[in-house]
Amino acid sequence: MKLRFLLGFLFFATFSIAQTGTVSGVILDKEFDNEPLPFANITIKGTTQGSSTDDQGKYSISLQPGSYTLVIAYLGYETKEIPFTLKANEKKVINHTLEASGVQLADVVLVQTVSKESEQALLQEQQKAVEIKQAIGAEEISKKGISDVAAAVAKTTGISKQEGGNGGVFVRGLGDRYNMTTMNGLPLPSNNPSTKNISLDLFSTDIVEFIGIDKTYNYKNYGDFAGANIDIVSKNYVGSGFFEIGTGFNGNSNALQQDKFYLQDGPNFNGFSNEPIPNNALDGYNFTTSWDKNSFTPIGSSLYARGGESFNIGETGKLSFFLNASFDNTYKYKEGVRRTANASSVAVKDLDKKSYEYQTGTNVMANIDYKFNNDHKLKVNSLFINSSTQKHEEFAGVLDAFGVADNGGGFIRRSTFDRTHLLVNQLLGEHKFGDRVNFDWGISYNTLTNIIPDRMQNTFRPVINDDPSSPLVASDTNQADNNRYYQELIDNEGAGNFVLSYKFNKNEDGDYKGKITGGYSARYKEVDFSATQLNLGVSRTATQPFIDLNNIDGYFNQANLDADLFTIKTFRGDANIPNALKPQTYTGEQLISAGYGAVDYSFNEKLSVIAAFRAEYIIQDVFFDTSLKNGKELYDTMEYLPSLNAKYSINDKHNLKFAASKTYTLPQFKERAPFLYEEVGQSYQGNPDLYNSTDYNFDLKWEYFPKNGEVISITGFGKLIQNPINEMTIASATNDITWVNSGKQATGLGVEFELRKKIFEIETGEKKTNLNYGLNISYLHTDQDLDGDKVFRETNENFTAFFTNESSKLTGASDLLVNTDFSFGKDFSEDKSITATLAAGYFSERIASLGVSNKGNLVDYNPSMVGSLDFILKYKISKNLGFGFSAKNLTDPTIKRKQEGTFGNPDIIIDSYKKGRNFSFSLKYTF
């Protein structure tokens with residue numbers, strides 16, 4: 001009986017297979033002169049069967065005989081339904097040319113746009129690529145309510161955002177120095193002399209088509225890499241004309257709870273201020289801004305306008321442009337503690353902290369795209385960013401447990417205005433010569449100015465040192481306790497990329513199995529940094545009046561300067577010293593000239609390999625005149641960088657990918673220039689003897705694509721870094737921080753898991769209801785050896801390092817990173833829909849700074865073990881009107897930094913704060 005049943009089943013199955021037919025075809029893109037349209041959705045209406053077009057626009061679906069409706073869909077295009085009947089063993093061909101819809105899709109931030117970078121399209125590109133790719137596109141960014149690029153990148157696997165608001169990220173535990181930031185493949189300057197990369201939170205996601213994240217080395221990128229190359233790809237508009245405006249407001253729960261929100265005098269609402277050094281700054285009290293704080297209403301706002309249009313020129317030409325302009329501002333407030341501790345875990349400085357912060361962002365972008373024909377295209381990008389941060393900080397408590405305000409009562413106030421002005425200009429070209437030869441190129445010129453004009457700092461102590469309730473007087477402990485500081489960083493950079501490729505070995509299907517690529521890239525930058533600090537040194541011999549914290553101008557004024565209660569000097573001296581106002585400066589010149597070649601070959605349908613080699617010649621010279629040293633440091637080197645990428649397609653849904661490469665890590669100008677930079681309670685100075693690290697990178701990834709828009713992947717990776725660069729505290733009386741090659745090597749081993757799943761999707765006519773789930777988890781183990789003798793030798797005995805431990809984890813490396821989200825969408829009609837997203841994130845503890853001189857490591861952690869939680873709602877009310885609401889950081893966990901205890905001493909908290917909950921409302925109207 002069982003045998004008869006089995007034979008019958010096999011006969012039925014064989015008969016069924018024999019009766020199937022095939023529908024196939026090619027989908028073309030009318031907006032690009034009928035070029036093939038890759039990654040289009042091809043589904044059979046009312047079934048779960050479907051496919052997507054390949055890079056040639058081809059698709060194929062096997063079906064039982066019957067009558068069906070073929071649905072062709074692509075983000076930003078009209079959805080086309082084509083009824084057809086399929087007979088047994090029939091091979092039906094249905095070709096179609098898809099047109100742009102001219103209708104805004106729900107939750108897509110760019111109206112009437114032909115978006116090539118939907119979430120599904122990016123996954124399909126990831127599936128087809130030989131390299132290990134990762135990206136987040138405009139569609140996903142919009143669903144998750146992400147406003148800046150730093151937050152967007154932090155939603156991807158293995159990446160966390162750096163605490164402290166500087167817009168930096170950690171990739172697989174590797175911080176700023178190991179990453180690279182580009183825009184459309186061309187490098188961007190840094191807005192901070194302390195960092196290599198520009199702050200990613202300067203970039204509004206309004207201008208982003210997608211963000212590519214290469215965590216494995218791509219030979220076309222510069223070799224100064226070990227974590228990731230983050231490429232911001234600007235929006236590219238194609239379609240009929242549109243214009244959209246939007247506005248909104250926002251608030252931070254911490255800021256709104258304050259009776260008064262304080263900021264410094266001087267900077268204005270829009271963030272375009274620049275307060276210069278006073279004329280004759282040493283000859284008298286000539287400051288025009290007040291020391292006293294001002295109060296504001298902490299409700300933020302936003303406003304934007306964007307539009308685009310396309311024009312046909314002649315028979316084959318097309319001109320398209322896209323313009324975007326936006327302004328937003330936010331208010332934030334944090335409070336907590338700020339301490340420094342000795343090796344016995346005793347707080348030497350013990351302060352309560354209040355921090356008021358106001359940020360602005362102005363973005364203006366213009367894109368012009370001209371297509372001569374299908375073979376030749378030019379694109380011009382111009383981007384202007386003005387970003388500013390005002391931070392008013394107040395610290396109250398013990399200034400020095402062994403001398404100054406040792407029972408409390410001390411007070412420090414610092415007000416900082418930091419402004420960045422960035423102008424990016426790019427010209428890009430794409431050219432095809434027949435079906436074999438491609439030539440792509442890009443050139444850019446970027447100018448960046450970062451200023452800190454008129455930073456103010458005051459330090460006051462109790463007149464009776466051990467009585468915290470006694471009146472305050474200006475501190476005379478250090479001549480720099482009260483100062484005004486002026487800083488300017490100018491970064492001008494030109495860069496170019498030129499890539500020529502040739503395809504060879506055409507197969508029977510007309511596809512080429514191989515491609516040879518050769519290219520040249522170069523970047524040249526000049527950096528000019530200057531800083532002047534005017535110290536208002538308090539007299540130790542004069543009888544000092546009491547300080548009123550609400551009227552600091554009552555003490556620092558011309559009358560008290562004339563009374564010799566204080567003096568005004570720079571590190572060079574007072575007005576009697578020639579050139580006393582000459583600023584501290586360093587100038588940097590950097591040239592990287594690179595040539596490369598690669599062979600990309602598909603041995604069969606399953607195995608493809610890219611073997612590449614890149615050589616870079618590097619010059620990095622620094623010239624300086626500072627309070628520490630006057631001179632120059634010249635540096636040049638040659639780097640040889642082989643890389644290998646391989647992909648094995650197990651079947652059409654499963655891939656195995658492998659990547660291996662050699663790269664390097666270059667020190668930054670500030671890290672090599674002997675310049676003394678002073679923070680509250682901490683100073684930094686450069687190390688002229690710093691040199692490159694050498695990095696070896698390995699990745700192995702399995703990825704599975706169950707359905708369109710879904711992925712499951714697991715990646716194992718390893719890093720070996722020779723002569724890693726770390727911050728360390730110099731063993732000296734001042735405990736300044738510098739940068740050193742801290743040991744022989746560092747290693748990192750980890751695994752990443754990613755899941756994107758459609759929990760359900762229901763179609764009723766043209767209406768859809770869906771629920772999607774995403775999860776990414778990263779686990780990382782790092783280790784590095786620490787060698788104080790090596791540091792002493794290699795710095796020519798200038799720096800002594802007494803590392804507390806012989807080995808340590810990498811700074812910034814969390815063992816565990818988790819991001820997860822649920823996204824629900826529902827169409828009520830063609831013009832009415834809703835999307836809601838709930839997203840959460842968590843990071844485990846990570847080292848912020850290495851311990852020295854028997855002190856433990858400084859470690860950032862979340863004691864509650866509760867991560868962040870965000871809720872985003874977007875409601876399309878009509879064809880023209882849309883509404884948005886977001887509530888972020890709903891759990892509001894406390895973030896703490898501790899100094900680990902050593903020799904049996906307990907841990908001690910040295911910093912803590914809560915960010916507060918952030919709420920925003922937005923409204924947009926499309927004409």
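In case you missed it, the structure is sitting above this.
Residues numbered from 1 in each chain as written. Predicted model: local features only at pLDDT ≥ 70, side-chain atom pairs only at ≥ 80, totals over all residues. Heavy atoms only, no water.

Peer 1: Whenever I open this one, the sheet that holds strand S16 (residues 229-234) confuses me. Can you help?
Peer 2: Strands in a sheet are paired, the pairing made by backbone hydrogen bonds, and the direction either parallel or antiparallel. Read across the open sheet, the five strands follow the order S10-S15-S16-S13-S14; overall the sheet is mixed. The two strands at the open ends of the sheet, each matched to only one other strand, are strand S10 (135-137) and strand S14 (186-187). As defined by bridge partners, strand S15 (residues 208-214) adjoins S16 across six bridges and the pair is classed as antiparallel. Across the sheet, the residue bridging to Phe 210 is Val 233, located in S16. (Pairing = 2+ DSSP bridges. Helix = DSSP H or I, 4+ residues; strand = E, 2+ residues; numbered from the N terminus.)

Peer 1: It is not clear to me how the sheet that holds strand S4 (residues 50-52) should be interpreted in this structure. Could you clarify?
Peer 2: Judged by pairing direction, the sheet is antiparallel, and its four strands sit side by side in the order S4-S3-S6-S7 without closing on themselves. Both outer strands of the open sheet, S4 and strand S7 (80-86), are each paired with one neighbouring strand and no more. Neighbour-to-neighbour, the strand axes of the sheet open up by a mean angle of 20 degrees, direction not taken into account. Looking at chain direction, strand S3 (residues 41-44) and S4 are connected through three bridges and run antiparallel. The partner of Thr 43 across the bridge, within S4, is Gly 50. (Axes fitted to C-alpha atoms, helices over the stretch in contact; angles between N-to-C directions.)

Peer 1: Looking at this structure, I do not really get empty space enclosed by the protein. What am I missing?
Peer 2: Where empty space is left in the structure can be found by rolling a water-sized probe over the atoms. All chains considered together, the criterion is met by four cavities of 30 Å³ or more. Approximately 280 Å³ is the volume attributed to the largest cavity. Along the wall of the largest cavity there are 24 residues; nearest its centre are Ser 190, Thr 195, Lys 196, Lys 525 and Gln 668. Elements that contribute at least two residues to the lining of the largest cavity include exactly strand S27 (483-506), strand S28 (512-538), strand S30 (584-602) and helix H7 (669-672). Of the residues belonging to the lining of the largest cavity, the class tally is eleven nonpolar, seven polar and six charged. Looking at the second largest cavity, it is lined by 14 residues, and the ones nearest its centre are Gln 134, Lys 215, Lys 701, Thr 715 and Glu 752. Sort the elements by how many residues they give to the lining of the second largest cavity and strand S38 (residues 711-722) lands first, with three residues. Taken together, the residues of the lining of the second largest cavity break down into three nonpolar, four polar and seven charged. (1 Å grid on protein atoms, 1.4 Å probe; cavity = no way out; pocket = protein on both sides within 12 Å on 5 of 7 lines; lining within 4 Å. Points joined across faces, edges and corners; volume = space filled by probe spheres on them. Nonpolar A, V, L, I, M, F, W, Y, C, P; charged D, E, K, R; others polar.)

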